[in-house]
Amino acid sequence: MIDALRYEVVRLQTIRSTYWLVGIAVTFQLIMSVILAAVISSSTSFGGDGAFDVIATIGASSGFAPLFIAYIIGLLGVFSTGHEYRHGMIRATLTAIPNRTHVFVAKIVSTVVVSAVAALLCVLIALLSILAFGLDLPTGSALGEMALGTTIFTTLFSLSGLAFAAITRNQTAAVALLLLVPTVLESIIRAIVIAIKSASDDPQSDGGIVQILKYLPYDAGGKLYTRASLDDLLSFLGYTPFGPVGGGIVMGVFVAALLAIAYALFLKRDA
Amino acid sequence: MALIEARGLGKSYGQTRAVNDLSFTVRPGSVTGFLGPNGSGKSTTMRLMLGLDRGEGVTTFDGVRFDELEHPMRHVGALLEAKPFHPTRHARNHLRMLAASNDIPTSRVDAVMALVGLETVTRGKPGKFSLGMGQRLGIACALLGDPHTLILDEPSNGLDPQGIQWLRTLLKHLAGEGRSVFVSSHLLQEMGVLADELVVIGRGRMLANGPVKDFIQHSTIGAVEVRTPDGALLQPALAALGAQVTTDGGLLTVRGATAEQIGDAAHAAGARLHQLVTRQATLEQAFLEATGLSEEFRGGQA
């Protein structure tokens with residue numbers, strides 16, 4: 001196993017996309033954190049934990065935007081397995097490390113570590129921006145929950161990218177899935193479900209088909225870092241989303257299932 | 001030094017049987033050529049040997065399966081396809097990555113870069129390499145762990161004549177050190193010079209396996225040319241030997257008998273011989289004869 005991890009470490013160290021993607025995520029976080037902190041510091045009505053949440057997630061905590069760094073760091077997960085197939089590397093990799101389980105687990109471990117470190121770095125940048133502009137520091141629990149939430153979401157997001165690439169064995173398709181499933185597919189499902197519920201005899205009743213929305217994996221996972229959500233507007237349709245823990249579990253189970261499928265196919269298929 | 005033993009290798013793609021019950025042995029200290037027409041299953045066989053493709057059969061290296069080898073690159077070096085590299089990862093870094101997984105020191109990376117003549121492009125990006133440079137880097141990967149066994153799929157692809165000569169010398173040298181070298185190539189002339197033994201397949205089936213010399217000698221294209229003024233005396237004697245004879249004036253072309261047998265038969269029959277020449281088939285002729293009906297993809301007449 002240690003051999004596969006060594007391979008992954010050198011793989012990540014010796015490829016430009018590692019530095020580009022982490023650099024883009026951190027630079028974006030830095031620029032936007034500074035801008036948001038500057039704006040909020042001049043505001044008399046906004047501050048406290050809410051300000052930190054907004055800066056740490058660059059507005060995603062409001063539920064009106066996706067967590068940008070997850071989409072950038074998620075590409076590292078896609079490239080982790082996508083490069084193997086796009087550039088014919090997989091055979092070279094498996095002649096160096098024939099144990100496919102070791103290869104797969106090492107890719108998961110490296111993706112988790114890089115994604116988590118990058119996400120925590122972005123939270124740290126948000127914290128430093130708050131300090132730099134003299135804003136109120138978040139409470140310990142708010143800081144912990146946000147750091148944990150963004151880190152877990154980003155990591156799960158990256159792992160789903162890894163799984164998409166391993167399942168499709170096509171890097172372009174995996175990138176498309178990673179971008180489209182959370183933003184387009186889940187939105188379409190939400191719209192259809194809302195339409196059906198609205199057209200029902202008792203649209204404001206609790207439960208029913210809207211319960212499906214609780215299990216949209218990326219939307220549910222978003223509860224890890226959102227403090228308000230567009231989903232709250234759907235409460236009149238009897239929809240009550242999961243909280244951070246429940247949402248995290250839904251996304252975790254979804255990603256685990258994707259990884260299980262990817263692993264089974266990886267073991268079974270020709271390299 | 002490893003003995004490669006492949007037993008019952010098989011692979012199907014849907015209804016197509018790509019490799020069918022192939023068994024052969026590659027001995028240490030020899031270069032074994034792997035020949036077959038396009039689409040005959042050579043590359044698939046090599047991937048099956050290394051467990052890269054899922055199929056039937058087992059291949060062992062001194063009794064151990066590839067996936068059971070600790071640090072496999074130190075035992076078996078493989079080149080399976082052209083340019084399996086990330087296009088922007090420096091050549092040396094590609095080797096470093098592989099070396100890291102097999103506990104191979106970085107000094108060995110530099111040594112193989114020099115061995116394959118790429119020491120001036122260690123920071124070169126494989127995406128900008130020519131096919132020949134890519135092959136050299138692939139060969140460097142195969143040699144990285146100083147393995148006792150080499151499995152090379154068309155390693156001379158893209159190499160210039162000097163590169164082919166270099167590769168031939170290198171592989172001969174490595175085999176001379178007692179290593180097992182299993183190499184496929186479509187360059188039959190090159191294989192005739194390089195290989196000691198052959199595994200010849202067609203449509204995934206074994207057609208021939210053994211020393212190159214035997215393969216050529218067994219070809220029916222090989223013949224003995226006999227020039228004699230006493231054809232009427234000699235022909236019945238040759239027929240008694242079971243040889244097939246075609247005549248063209250005073251020239252007899254004899255298949256199925258050696259020059260020695262023909263000479264003895266002529267002496268016994270009292271036939272004078274003015275010429276007795278063995279015309280051996282080339283490897284190419286023998287190969288084409290052996291694989292004639294086993295060609296997967298056949299071009300039309302121009």
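Definitions and limits used
- Residues numbered from 1 in each chain as written.
- Chains lettered and ligands numbered in written order.
- Predicted model: local features only at pLDDT ≥ 70, side-chain atom pairs only at ≥ 80, totals over all residues.
- Helix = DSSP H or I, 4+ residues; strand = E, 2+ residues; numbered from the N terminus.
- Buried ≥ 20, exposed ≤ 12 C-beta atoms within 10 Å, placed from the backbone.
- Contact = placed C-beta atoms within 7 Å.
- Rg over C-alpha atoms; globule rule 2.2 N^0.38 Å.
- Axes fitted to C-alpha atoms, helices over the stretch in contact; angles between N-to-C directions.
- Parallel < 35°, antiparallel > 145°, perpendicular 65-115°, else oblique.
- Left-handed = near helix turned anticlockwise from the far one by under 90°.
- Arc of directions from axis to C-beta.
- Pairing = 2+ DSSP bridges.
- Nonpolar A, V, L, I, M, F, W, Y, C, P; charged D, E, K, R; others polar.
- pLDDT = per-residue confidence, 0-100.
- Core = buried A, V, L, I, M, F, W, Y, C linked by C-beta atoms within 7 Å.

Participant: So what exactly am I meant to see when it comes to the overall build of chain B here?
Facilitator: Each helix and strand counted, chain B has ten helices and 14 strands in total. With respect to the three principal axes, the spread of C-alpha positions in chain B is 75 × 45 × 45 Å. Taking all 302 residues of chain B together, 45% fall into the buried category. The contacts in chain B between residues at least 6 apart in sequence include a share of 71% that link residues at least 24 apart.

Participant: Which parts of the structure should I look at to understand the overall build of chain A?
Facilitator: Counting secondary structure elements, chain A contains ten helices and zero strands. Counting helices and strands in the order they occur from the N terminus, chain A gives α-α-α-α-α-α-α-α-α-α. For chain A, the C-alpha radius of gyration of 20 Å lies close to 18 Å, the compact-globule estimate for 271 residues. Principal-axis analysis of the C-alpha atoms gives chain A an extent of 60 × 55 × 25 Å. Restricting the contact set of chain A to residue pairs at least 6 apart, pairs at least 24 apart contribute 81%.

Participant: Just checking my understanding: could you explain the packing of helix H1 (residues 2-13) of chain A against helix H2 (residues 91-101) of chain B for this structure?
Facilitator: A pair of packed helices can be characterised by two numbers: the angle between their axes and the separation between those axes. Two elements in contact, H1 of chain A and H2 of chain B, have axes separated by 7 Å at closest approach and are oriented at 160 degrees. Here H1 of chain A lies roughly antiparallel to H2 of chain B, going by the angle between them. Judged by the sense of rotation from one axis to the other, the crossing of H1 of chain A with H2 of chain B is right-handed. Residue-level contacts link Asp3, Ala4, Arg6, Tyr7, Val10 and Arg11 of chain A of H1 of chain A to Arg96, Met97, Ala100 and Ser101 of chain B of H2 of chain B.

Participant: Can you walk me through helix H10 (residues 283-291) of chain B in this structure?
Facilitator: Because each turn of an α-helix spans 3.6 residues, side chains separated by three or four positions in sequence point in the same direction. Residues and elements named next belong to chain B. Taken together, the buried positions of H10 are Leu283, Ala286, Phe287, Ala290 and Thr291. Down the axis, H10 shows its buried residues gathered within 115 degrees of arc, on one side only. For H10, the elements touching its buried residues are strand S3 (30-35), helix H6 (188-194), strand S9 (197-202), strand S10 (205-211) and helix H7 (212-217).

Participant: Is there a simple way to think about the sheet that holds strand S2 (residues 16-26) of chain B in this case?
Facilitator: Sheet strands line up and pair through hydrogen bonds in the backbone, either parallel or antiparallel. All names here are of chain B. The antiparallel open sheet is built from four strands, whose spatial order is S2-S1-S4-S5. Of all the strands in the sheet, the pair left with one neighbour each is S2 and strand S5 (64-65). Where strand S1 (residues 4-13) meets strand S4 (residues 56-61), five bridges bridge the pair, whose relative direction is antiparallel. Bridge pairing links Gly10 to Glu56 in S4.

Participant: Could you clarify how one ought to interpret the interface of chain A and chain B in this entry?
Facilitator: Many analyses report the size of an interface as the accessible area lost when the parts associate. Every contact between the two is made by 24 residues of chain A and, on the other side, 27 residues of chain B. Tallied by class, residues from the side of chain A that touches chain B come to eleven nonpolar, six polar and seven charged.

Participant: Just to check I follow, could you spell out the pairing of strand S12 (residues 244-248) of chain B for this structure?
Facilitator: Consecutive side chains along a regular strand alternate between the two faces of the sheet. All names here are of chain B. In this sheet, strand S13 (residues 251-255) lies alongside S12 in antiparallel orientation, the contact comprising five bridges. By the bridge assignment for S13, Thr247 is matched with Leu252. Hairpin connection from S12 to S13: two residues lie between these consecutive antiparallel strands, with Gly249 at a positive phi of about 70 degrees.

Participant: I'm lost on the environment of Arg6 of chain A in this one. Help?
Facilitator: Residue placement: Arg6 of chain A occurs in helix H1. The class of Arg6 of chain A is partly exposed, set by 18 C-beta atoms lying within 10 Å. Between the C-alpha atom of Arg6 of chain A and that of Ala106 of chain A, which follows or precedes it by 100 residues, the distance is 8.7 Å. Excluding anything up to four places from it in sequence, Arg6 of chain A contacts Ala100 and Ser101 of chain B.

Participant: Help me understand the confidence of the model for chain A in this model?
Facilitator: The predicted coordinates ought not to be read in detail in places where the model reports low pLDDT. Chain-level pLDDT for chain A is 88 on average; 95% of the residues reach the 70-or-more range. Across chain A, the secondary-structure element scoring lowest on mean pLDDT is helix H3 (residues 48-57) of chain A, at 78, and the one scoring highest is helix H10 (residues 244-268) of chain A, at 95.

Participant: Whenever I open this one, the pairing of S13 of chain B confuses me. Can you help?
Facilitator: Residue and element names in this part refer to chain B. Of the two faces of S13, only one is covered, namely that formed by Leu252 and Val254; the face formed by Leu251, Thr253 and Arg255 stays uncovered. With four bridges joining them, strand S11 (residues 223-227) and S13 adopt antiparallel strand pairing. Residue pairing in the sheet places Val226 in a bridge with Leu252 of S13.

Participant: Quick question: what am I supposed to make of the nonpolar core here?
Facilitator: Most often, soluble globular proteins keep nonpolar side chains buried together rather than apart. Formed by 84 residues in total, the largest nonpolar core has its most connected members in Leu95, Leu98, Ala140, Cys141, Leu144, Ile151 and Val200 of chain B. For this core, the element with the most residues is helix H4 (residues 131-143) of chain B, which contributes seven residues. Excluding its chain neighbours within four sequence positions, the residues that come into contact with Leu95 of chain B are Val109, Val112, Met113, Ala140, Cys141 and Leu144 of chain B. One finds Phe153, Tyr239, Val250 and Met251 of chain A within the second-largest nonpolar core, a separate group that totals 65 residues.

Participant: What is the right way to look at the sheet that holds strand S14 (residues 275-279) of chain B in this model?
Facilitator: Residues and elements named next belong to chain B. With respect to topology, four strands assemble into an open sheet ordered S12-S13-S11-S14, the strand pairing being antiparallel. The strands lining the two open edges of the sheet, one partner per strand, are S12 and S14. Going from strand to strand, the sheet's axes swing by 20 degrees on average, the running direction of each strand aside. Two strands pair when backbone bridges link them, and S11 and S14 are joined in this way by five bridges, in the antiparallel orientation. Looking across to S14, one finds that Val226 is bridged to Leu276. Contacting S11, S13 and S14, helix H9 (residues 259-269) crosses the sheet at an angle of about 160 degrees to S14.

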